[in-house]
Amino acid sequence: MTAVQTLTIGADDANQRLDRWFRRMFPQVGQGRIEKMCRKGEIRVDGGRVKANTRLEEGQQVRVPPLPDTPAPAPRPSTRVSDADAEMIQATVLYRDDHILAINKPAGLPTQGGSKQLKHVDGLAEALRFGLEDKPRLVHRLDKDTSGVLLLARTRAVAGALTEAFRAKTTRKIYWAALAGVPQPRQGTVRYGLVKAPGHGARGEAEKMLCIHPRQVDETPDAKRATTDYWVLSAAATRLSWAALVPITGRTHQLRAHMAELGHPIIGDGKYGGSGQENMGDGWGAGLGGGLSKKLHLHARSISLPHPVTGKRIEITAPLPEHMDRTWEMMGWDARDVPADPFAEDAWD
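Residues numbered from 1 in each chain as written. Predicted model: local features only at pLDDT ≥ 70, side-chain atom pairs only at ≥ 80, totals over all residues. Heavy atoms only, no water.

## Some thoughts on the sheet that holds strand β4 (residues 61–64)
And step 1. Reading across from one edge, β1-β4-β2-β3 is the order of the four strands in this open sheet, with antiparallel pairing throughout. Since the sheet does not close on itself, it has two edges, and those belong to β1 (5–8) and β3 (48–49), each with one partner.
And step 2. Where β1 lies against β4, four bridges are found, and the strand directions are antiparallel. Pairing of L7 across the sheet is with V62, part of β4.
And step 3. Across the sheet, helix α1 (residues 18–25) lies against β1 and β4, angled at about 60° from β4, the strand it touches most. (Pairing = 2+ DSSP bridges. Helix = DSSP H or I, 4+ residues; strand = E, 2+ residues; numbered from the N terminus. Contact = heavy atoms within 4.5 Å. Axes fitted to C-alpha atoms, helices over the stretch in contact; angles between N-to-C directions.)

## Structural notes on the UniProt feature "active site" (unreviewed entry) in the chain
And step 1. As recorded in UniProt, the sites labelled "active site" (unreviewed entry) are D143.
And step 2. By secondary structure assignment, the location of D143 is in the loop between β7 (137–138) and β8 (147–153).
And step 3. On the basis of relative accessible area, D143 is assigned to the partly exposed category, the value being 25%.
And step 4. If sequence neighbours within four positions are ignored, D143 has contacts with K105, H253 and R256. (UniProt positions renumbered as here; feature names shortened; annotations may be inferred. Buried < 20%, exposed > 50% of the residue type's maximum accessible area, 1.4 Å probe, protein only.)

## Some remarks on the confidence of the model for the chain
And step 1. Here the chain averages 87 in pLDDT, and 89% of its residues register 70 or above.
And step 2. Confidence drops under pLDDT 50 across residues 274–284; counting only partners more than four residues distant or on other chains, this segment forms 32 contacts. (pLDDT = per-residue confidence, 0-100.)

## Comments concerning the packing of α1 against helix α2 (residues 31–39)
And step 1. Closest axis-to-axis distance for the α1/α2 pair is 10 Å, and the angle between their directions is 125°. Considered as vectors, α1 and α2 are oriented oblique to each other. Relative to α2, α1 is oriented so that their crossing is right-handed. Of the residues in α2, those touching α1 at L18, D19, F22 and R23 are Q31, I34, M37 and C38.
And step 2. Grouping the constituent residues of the contact of α1 with α2 by class yields five nonpolar, one polar and two charged. (Parallel < 35°, antiparallel > 145°, perpendicular 65-115°, else oblique. Left-handed = near helix turned anticlockwise from the far one by under 90°. Nonpolar A, V, L, I, M, F, W, Y, C, P; charged D, E, K, R; others polar.)

Right under this line is the structure:
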């Protein structure tokens, strides 16, 4: 066993979660042990109790209790990315400099690994080093079936800066979606809170988010407030519409749950809109048929943010995936006909 240690957080480790920092410093200690030591007060920061997800700051003192000696390292699984996968993920790069990288994540590709998910952006990032020693780090996520702009940090320090930018809401994300029906009014804000409903199966598979009226959020256990701005950019009669969506908050499945709550689920969203022709709201349902793809029609169209090093504001835009591009062509919708940010004050001048 090791003795009690007190370690100081340096600049390179600032803004990291305590558990992630701990696993990197002491790889022989598992996540469950870290959480238990936090609950018992064995791990402390500046003398105080902390949770495993506490963010560390430069200069803080971390008390590390006695730990088991480091065992012989187990053979590391191969992280090699096949030539075909490397070519695929490199072709998605939209922007790259010495500090950040952005890709156009394909629909159907998970951001991170999970149950039965063997191929994901986090693993394929090994092919996105482009000369640096470390692979780029994820700083936010997109649902598996959502396509579009996904940012990665090329250094640990930049990862912390980008994480803080998302937390401080200095980033702006605009999504495009094809909705069943046409929301009325055609511009508005959804403020329903969200709470996770349990899924089925041994591991809670198929869990989803339920919308809670704003007046009931505070009295609903585990519910969180959520806000989405929307703007209908075009419509095909009353059957289908093209909407721009801005998540003011960043809750799980927020856009999908909010649009379904309005009665206008996102096309192809079986989880929140049903796969049939009808919907219990005033929309038409998420499965419209008529040659439209059954894939989810939700795309992270653009992101703008202050560069974490230069401070200059940058904007990155991702072209539509093939299945949405076909729908847009079928409907006669053209990106050149709408402003990049329809919510901007002078967008429609």
